[in-house]
Amino acid sequence: MKHDDLQELYCSVARTWSVIGERWTMMILRECFRGERRYDHFRYKLGLGSNVLNDRLRVLVDEGILDRVQYQEHPPRHEYRISDKGADLYPVLVALMSWGDKYKNDVPPVRLIHRACGHEADPRLTCTHCAEPVSWREMTAEFEPDAW
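Nothing here was measured: the structure is a model prediction, and the numbers come from that model. (Residues numbered from 1 in each chain as written. Predicted model: local features only at pLDDT ≥ 70, side-chain atom pairs only at ≥ 80, totals over all residues. Heavy atoms only, no water.)

> Help me understand the pattern of salt bridges in this model?
Close approach of charged atoms allows side chains with opposite charge to pair. This structure, assessed with the given rule, holds 12 salt bridges. Among the salt bridges present, the one from Arg56 reaches Glu22, with a minimum N-O distance of 3.4 Å. Remark: Glu22 occurs in the loop between helix 1 (12–20) and helix 2 (25–33) and Arg56 occurs in helix 4 (residues 50–62); sequence separation between them is 34 residues. One salt bridge in this structure joins Glu79 and Arg37, with 3.3 Å as the shortest N-O distance. Residue Glu79 is found in strand 2 (residues 77–82), and its partner Arg37 is found in the loop between helix 2 and helix 3 (39–46); the two are separated by 42 residues along the sequence. Classification of Arg37 as partly exposed rests on a relative accessible area of 36%. (Salt bridge = Lys/Arg side-chain N within 4 Å of Asp/Glu carboxyl O. Helix = DSSP H or I, 4+ residues; strand = E, 2+ residues; numbered from the N terminus. Buried < 20%, exposed > 50% of the residue type's maximum accessible area, 1.4 Å probe, protein only.)

> Could you clarify how one ought to interpret the state of the cysteines in this entry?
Here, the word disulfide means a covalent bond between the sulfur atoms of two cysteines. Per the stated rule, a full pass over the model turns up zero disulfides. No disulfide involves Cys127; its nearest neighbouring cysteine sulfur is the one of Cys130, lying 3.8 Å away. Taking the relative accessible area as the measure of exposure, Cys127 reaches 26% and is therefore partly exposed. (Disulfide = S-S within 2.5 Å.)

> Looking at this structure, how should I read the packing of aromatic side chains?
The geometry of an aromatic ring pair is captured by two quantities: the separation of the ring centres and the angle between the planes. Within this structure, the stated rule accounts for three aromatic pairs. On the basis of an interplanar angle of 55° and a centroid distance of 6.5 Å, the ring pair of Phe42 and Tyr80 is categorised as tilted. Placement of the pair is Phe42 in helix 3 and Tyr80 in strand 2, with a sequence separation of 38 residues. The pair formed by Phe42 and Tyr80 is uniform in burial state, with each residue classed as buried. (Phe/Tyr/Trp six-rings, centres within 6.5 Å; stacked < 30°, edge-to-face > 60°.)

> Whenever I open this one, the packing of helix 3 against helix 4 confuses me. Can you help?
If you want to describe how two helices pack, look at the angle between their axes and the distance between the axes. Here helix 3 crosses helix 4 at 125°, and the two axes come no closer than 11 Å. With respect to each other, helix 3 and helix 4 are oriented oblique. Crossing angle aside, the handedness with which helix 3 passes helix 4 is right-handed. Touching Tyr39, Phe42 and Arg43 of helix 3 are Ser50, Leu53, Asn54 and Leu57, all from helix 4. Tallied by class, the residues present in the contact of helix 3 with helix 4 amount to four nonpolar, two polar and one charged. (Axes fitted to C-alpha atoms, helices over the stretch in contact; angles between N-to-C directions. Parallel < 35°, antiparallel > 145°, perpendicular 65-115°, else oblique. Left-handed = near helix turned anticlockwise from the far one by under 90°. Contact = heavy atoms within 4.5 Å. Nonpolar A, V, L, I, M, F, W, Y, C, P; charged D, E, K, R; others polar.)

> Mind showing me how you'd approach the layout of surface pockets here?
Any empty space left between the atoms is revealed when a probe the size of a water molecule rolls over them. Taken as a whole, the largest pocket encloses approximately 640 Å³ of empty space. As for the largest pocket, its lining consists of 23 residues, of which Met27, Arg30, Leu93, Leu96 and Met97 are closest to the centre. Elements represented by at least two residues in the lining of the largest pocket include exactly helix 1, helix 2 and helix 6 (90–103). When residues in the lining of the largest pocket are grouped by element, the largest group, eight residues, is from helix 6. The class makeup of the residues in the lining of the largest pocket is 14 nonpolar, three polar and six charged. Counted as a void, the second largest pocket has a volume near 340 Å³. Taken together, Tyr90, Pro91, Val94, Ala95, Ser98, Pro123, Arg124 and Leu125 form the lining of the second largest pocket. When its residues are assigned to classes, the lining of the second largest pocket shows six nonpolar, one polar and one charged. (1 Å grid on protein atoms, 1.4 Å probe; cavity = no way out; pocket = protein on both sides within 12 Å on 5 of 7 lines; lining within 4 Å. Points joined across faces, edges and corners; volume = space filled by probe spheres on them.)

> Before we go on, may I ask you to explain the pairing of strand 1 (residues 66–72) in this structure?
One face of the sheet, then the other: side chains in a regular strand alternate in exactly this way. Pairing of strand 1 with strand 2 involves six bridges; the strand directions are antiparallel. Among the inter-strand pairings, Gln72 is bridged to a residue of strand 2, identified as Arg77. Connecting strand 1 to the antiparallel partner strand 2 that follows it, the hairpin turn spans four residues. (Pairing = 2+ DSSP bridges.)

Here is the structure:
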């Protein structure tokens, strides 16, 4: 199965991965969540060639994850801002970071600080009904007909 075929499957994971599963996409989004918006920054920080960066940004804009906004007229220059749809990917990035902190780094390279209280945050997946933390062992999946 080709990567592009994932978007045709009746599976939310497959369809999401068809958009964010390319290896540089989450790194670009990481930079956006750090507050970066400019093409030159992405290129410098990530060391990407123009062809790869242009393609990734185009997909993110076409998918509505980033908004391309002109900030200068002469010459025309644009920046990339996280849309509401893109902001909903923050928990995905945090989950990847948490996994990497646990299994790939002896010392986590980043600490997340909750602005409201000023303390280090430990984001968790919780039940929206009872607010209890949940893990995959405490969940049951109920599949729709024809789900992949």
